[in-house]
Amino acid sequence: MTQATIIVNPSSGKEEALDYLRSVEELLQSQGYEVTVKETQQEGDATGYSIAACKAGADMIVSIGGDGTLHETINGLSGQAHQSKLGIIPLGTVNDFARALQIPLIPEKAIRTLASSRVQLVDAGRLNNRLFINVVAAGKLAESLTSVSSDDKSRFGALAYFKEGIKELAGNASYPLTIQHDGYTWVGETPLFLAALTNSVGGFEKLAPEAAVDDGLIHCFIIKNLHFFNTLTVSLSVLLGNLKNHKDVDYFTAREVTVTSSDTVRTNVDGEEGPALPVKLSVLPRHIRVVVPNSS
Ligand SMILES: Nc1ncnc2c1ncn2[C@@H]1O[C@H](COP(=O)(O)OP(=O)(O)OP(=O)(O)O)[C@@H](O)[C@H]1O
């Protein structure tokens, strides 16, 4: 009998993940899976459960939670001799990875997607010695997003991010960064450096519109000045996917990027606190097998 493991994070998003557990189990059983359920209690659990599922030869791992739970699950999958395919029920706050893959954000619809026969190969990013799936951010703005409390996230959802972000914009503080890629070096002060693998960053699905999940590229934005966030042009730029064309933004794509600073600068990785700089980023092309809707 084929095996599936469900990894469910009860604290994700609005804390509704457990409400959908039974439906996910039933759908998988109806597809002929023998199902194991693993509930996370703390950071690292999803990685451990994911490694165990691969070692047990599970055909599919289903993550019920947000981008943080997915990040941990994928870090478990990678490097295993047998890599299970991944099903996603997006119940986090932002759910960028699901947005990028056009997995429905309505849980009932996402659950039906698990019956899809379509599996898409998706890039993963490497950051020093671990993987990321969506975005690495560095700078004052990234640090402020990391500081959003999980209480605020549960109560306000994505708005919690904007609340913190806007507080930080008022300061417009920058860090000195050195960014190297493909023989180029950028040196300057920036409040925000973004390295995105997918088109959806922070819930903005058009922030990096040309970023395909399997293009083998890191899409990088160096925001040189945050003053422009205070003007109407920024909202238009972001919403229309023109951020890269703004005069205060440097945009490039790369397969490998190194970011260093003379200051202590922490990163935000897939929405959670990441390591301090320096970081070396690279791409593992078409590294993860994700179950996506038949029609997308
Ligand atoms: N039982 C638990 N109670 C509290 N925190 C948990 C529990 N299980 C896992 N975690 C933590 O939850 C975090 C991941 O949450 P996740 O990203 O899935 O939800 P989210 O932050 O609401 O969504 P998003 O990342 O899409 O905004 C990880 O940092 C992990 O350590």
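Look up: the structure comes first, before these words.
Residues numbered from 1 in each chain as written. Predicted model: local features only at pLDDT ≥ 70, side-chain atom pairs only at ≥ 80, totals over all residues. Heavy atoms only, no water.

K.L.:
What is the right way to look at unusual backbone geometry in this model?
P.N.:
Across residues other than glycine, the phi torsion is negative in most instances, and most of the peptide bonds are trans. For the bond running from Leu 277 to Pro 278, omega is 10 degrees, close enough to zero to count as cis. Take Pro 278: it is sitting in the loop between strand 15 (272-276) and strand 16 (279-292). A positive phi angle, close to 60 degrees, is found at Glu 15, a residue other than glycine. Along the chain, Glu 15 falls in the loop between strand 1 (2-8) and helix 1 (17-30). Positive phi values are uncommon outside glycine, yet Arg 286 reaches one of about 45 degrees. (Helix = DSSP H or I, 4+ residues; strand = E, 2+ residues; numbered from the N terminus.)

K.L.:
How should the sheet that holds strand 7 (residues 135-138) be read in this particular structure?
P.N.:
Across a sheet, paired strands are connected by hydrogen bonds in the backbone, their directions being either parallel or antiparallel. What the 6 strands build is an open sheet, ordered 12-11-10-7-14-15; its pairing is antiparallel. Here the strands that pair on one side only, and so sit at the sheet edges, are strand 12 (249-254) and strand 15. For this sheet the average axis-to-axis angle between neighbouring strands, irrespective of direction, equals 20 degrees. As paired strands, strand 11 (residues 218-223) and strand 12 are joined by 6 bridges and run antiparallel to one another. Paired with Cys 220 across the strands is Phe 252, a residue of strand 12. (Pairing = 2+ DSSP bridges. Axes fitted to C-alpha atoms, helices over the stretch in contact; angles between N-to-C directions.)

K.L.:
Looking at this structure, I do not really get the site of the ligand. What am I missing?
P.N.:
In the vicinity of the ligand there are 22 residues, among which Gly 13, Thr 40, Gly 66, Gly 68 and Thr 69 approach most closely. Within the side chain of Asn 9, an N or O atom sits 3.0 Å from an oxygen atom of the ligand. In the model, a nitrogen atom of the ligand is placed 3.2 Å from a nitrogen or oxygen of the Ser 11 side chain. Counting residues per element, the shell around the ligand draws most heavily on helix 3 (residues 67-77), at 4 residues. A breakdown of the residues in the shell around the ligand according to their chemical character gives 3 nonpolar, 14 polar and 5 charged. Both of domain 1 (2-115) and domain 2 (135-286) provide at least three residues apiece to the shell around the ligand. (Near = heavy atom within 4 Å. Polar contact = N/O pair within 3.5 Å; in protein donor to acceptor, adjacent residues only side chain to side chain. Nonpolar A, V, L, I, M, F, W, Y, C, P; charged D, E, K, R; others polar. Domains from an automatic or database assignment.)

K.L.:
Got a minute to help me understand the packing of aromatic side chains in this structure?
P.N.:
The way to describe two aromatic rings as a pair is by their centre distance and the angle between their planes. Overall, the coordinates contain 1 aromatic pair when judged by the stated rule. Measuring from ring centre to ring centre gives 5.1 Å for Phe 221 and Tyr 251, while their planes differ by 50 degrees; the resulting arrangement is tilted. Note that Phe 221 is positioned in strand 11 and Tyr 251 in strand 12, a separation of 30 residues in sequence. (Phe/Tyr/Trp six-rings, centres within 6.5 Å; stacked < 30°, edge-to-face > 60°.)

K.L.:
For this particular structure, what's the right way to read the nonpolar core?
P.N.:
What tends to happen in soluble globular proteins is that the nonpolar side chains get buried as a cluster. The biggest cluster of nonpolar side chains holds 45 residues, and the ones touching the most others in it are Leu 28, Ile 64 and Val 290. Broken down by element, this core gets its largest block of residues, 6 residues, from helix 1. Excluding residues within four positions of it along the chain, Val 290 makes contact with Leu 86, Ile 88, Phe 97, Leu 101, Ile 103, Arg 118, Val 119, Gln 120 and Val 122. If you look at the next biggest cluster of nonpolar residues, it comprises 24 residues, including Leu 127, Leu 277, Val 279 and Val 283. (Core = buried A, V, L, I, M, F, W, Y, C linked by side-chain atoms within 4.5 Å. Buried < 20%, exposed > 50% of the residue type's maximum accessible area, 1.4 Å probe, protein only. Contact = heavy atoms within 4.5 Å.)

K.L.:
In this structure, what is going on with the pattern of salt bridges? I would like to understand it.
P.N.:
For side chains bearing opposite charge, pairing can occur when the charged atoms are close. Counted according to the given criterion, the structure contains 7 salt bridges. Between Asp 214 and Arg 286 there is a salt bridge, with the nearest N and O atoms lying 3.3 Å from each other. Of this pair, Asp 214 sits in the loop between strand 10 (192-196) and strand 11 while Arg 286 sits in strand 16, and the two are 72 residues apart along the sequence. You can call Asp 214 partly exposed: its relative accessible area is 31%. On the accessibility criterion, Arg 286 (43% relative accessible area) is partly exposed. (Salt bridge = Lys/Arg side-chain N within 4 Å of Asp/Glu carboxyl O.)

K.L.:
Is there a simple way to explain the packing of helix 2 (residues 45-55) against helix 3 in this structure?
P.N.:
Two measures define how a pair of helices packs: the angle their axes make with one another and the distance between the axes. Running from N to C, helix 2 and helix 3 cross one another at 40 degrees; their axes reach a closest spacing of 7 Å. As summarised for this structure, helix 2 and helix 3 are arranged oblique, according to the angle between their axes. The chirality of how helix 2 crosses helix 3 is right-handed. On helix 3, the residues touching Asp 45, Ala 46, Thr 47, Ser 50, Ile 51 and Cys 54 of helix 2 are Thr 69, Glu 72, Thr 73, Asn 75, Gly 76 and Leu 77. Its residues assigned to classes, the contact of helix 2 with helix 3 shows 4 nonpolar, 6 polar and 2 charged. (Parallel < 35°, antiparallel > 145°, perpendicular 65-115°, else oblique. Left-handed = near helix turned anticlockwise from the far one by under 90°.)

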